[in-house]
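This is what each chain is made of:
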Amino acid sequence: MPQPIKVRKQYSNTQYPNVLLRFEDGHEIEIPKGVTKSFDAWEGERIKILAIWDPTSSEREKVDTLRAEQFEDEKGA
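Here goes a summary of the coordinates provided. (Residues numbered from 1 in each chain as written. Predicted model: local features only at pLDDT ≥ 70, side-chain atom pairs only at ≥ 80, totals over all residues. Heavy atoms only, no water.)

## Thoughts on the sheet that holds strand 2 (residues 18-22)
Our working rule: Any two strands are treated as partners once DSSP identifies two or more bridges connecting them. Per the convention used, a helix needs a DSSP run of H or I reaching at least four residues, while a strand needs a run of E reaching at least two, with both numbered from the N terminus. Structural elements are reduced to axes, namely lines fitted to C-alpha atoms, with helices fitted over the stretch in contact, and the angle between N-to-C directions of any two is expressed from 0 to 180 degrees.
Strand order in the open sheet formed by four strands is 3-2-5-6, with antiparallel pairing between adjacent strands. Single-partner strands in this sheet number two, and they are strand 3 (28-32) and strand 6 (61-67). Along the sheet, successive strands turn relative to each other by an average axial angle of 20 degrees, direction set aside.

## What to know about the sheet that holds strand 1 (residues 6-12)
As summarised here, the arrangement of the three strands in space is 4-1-7, forming an open sheet in which the pairing is antiparallel. Edge positions in the sheet fall to strand 4 (36-42) and strand 7 (72-73), since each has one partner strand and no second.

## A look at the packing of aromatic side chains
Just so we agree on the cut-off: A pair of aromatic rings is counted whenever rings of Phe, Tyr or Trp (Trp by its six-membered ring) have centres within 6.5 Å, and the orientation is called stacked for planes under 30 degrees apart, edge-to-face for over 60 and tilted otherwise. Remark: exposure states derive from per-residue accessible area (1.4 Å probe, protein chains only) relative to the maximum for the residue type, with buried under 20%, exposed over 50%, and partly exposed in between.
By the definition in use, this model includes four aromatic pairs. With a centroid separation of 6.0 Å and an interplanar angle of 70 degrees, the aromatic rings of Tyr11 and Phe71 are classed as edge-to-face. With a gap of 60 residues between them, Tyr11 in strand 1 and Phe71 in the loop between strand 6 and strand 7 connect regions that are remote in the sequence. What makes Tyr11 buried here is its relative accessible area of 15%. Residue Phe71 is classed as buried on the basis of its relative accessible area, which comes to 5%. Where Phe39 meets Phe71, the ring centres are 5.3 Å apart and the plane angle is 90 degrees; that geometry is what we call edge-to-face. With Phe39 in strand 4 and Phe71 in the loop between strand 6 and strand 7, this pair connects stretches of sequence that are 32 residues apart.

## Quick word on the nonpolar core
Put simply, the rule is: We call a set of buried residues a nonpolar core when its members are Ala, Val, Leu, Ile, Met, Phe, Trp, Tyr or Cys and they connect through side-chain atoms within 4.5 Å of each other. Should any heavy atoms of two residues lie within 4.5 Å, those residues are counted as being in contact.
Formed by 16 residues in total, the largest nonpolar core has its most connected members in Tyr11, Leu21, Phe39, Ile47 and Phe71. Among the secondary structure elements, those contributing two or more residues to this core are strand 1, strand 2, strand 3, strand 4 and strand 5 (46-52). Broken down by element, this core gets its largest block of residues, three residues, from strand 5. When sequence neighbours within four positions are dropped, the list of residues in contact with Tyr11 reads Val19, Leu21, Ile31, Val35, Thr36, Lys37, Phe39, Ile49 and Phe71.

## Thoughts on the side chain of Gln10
Condition: Here a polar contact is taken to be a pair of N or O atoms separated by no more than 3.5 Å, where protein atoms must pair a possible hydrogen donor with a possible acceptor and residues adjacent in sequence count only if both atoms sit in side chains.
Relative to the helices and strands, Gln10 resides in strand 1. Judged by relative accessible area, which is 10%, Gln10 ranks as buried. Separated by 3.4 Å, the side chain of Gln10 and the backbone nitrogen of Lys75 make a polar contact. Residue contacts for Gln10: discarding those within four places in its chain leaves Thr36, Lys37, Ser38, Phe39, Phe71, Glu72, Asp73, Glu74 and Lys75.

As structure tokens, this is what we get:
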């Protein structure tokens with residue numbers, strides 16, 4: 001079997017008060033509105049995008065699910 005390929009991607013939160021990226025292995029990255037964060041993922045990995053409307057609540061709204069390669073490539077600093 002071919003080895004999985006690790007990719008470096010980024011996500012910009014321009015729409016929601018907070019976004020949570022939830023990866024297949026269970027780890028999460030929280031991104032406040034107006035912020036771009038970079039992350040490593042495996043090619044083909046599904047990443048859920050969850051909106052957090054109220055930070056005092058545990059309620060999350062699923063906005064989308066994308067494969068890692070559908071995110072923007074990380075741009076140099």
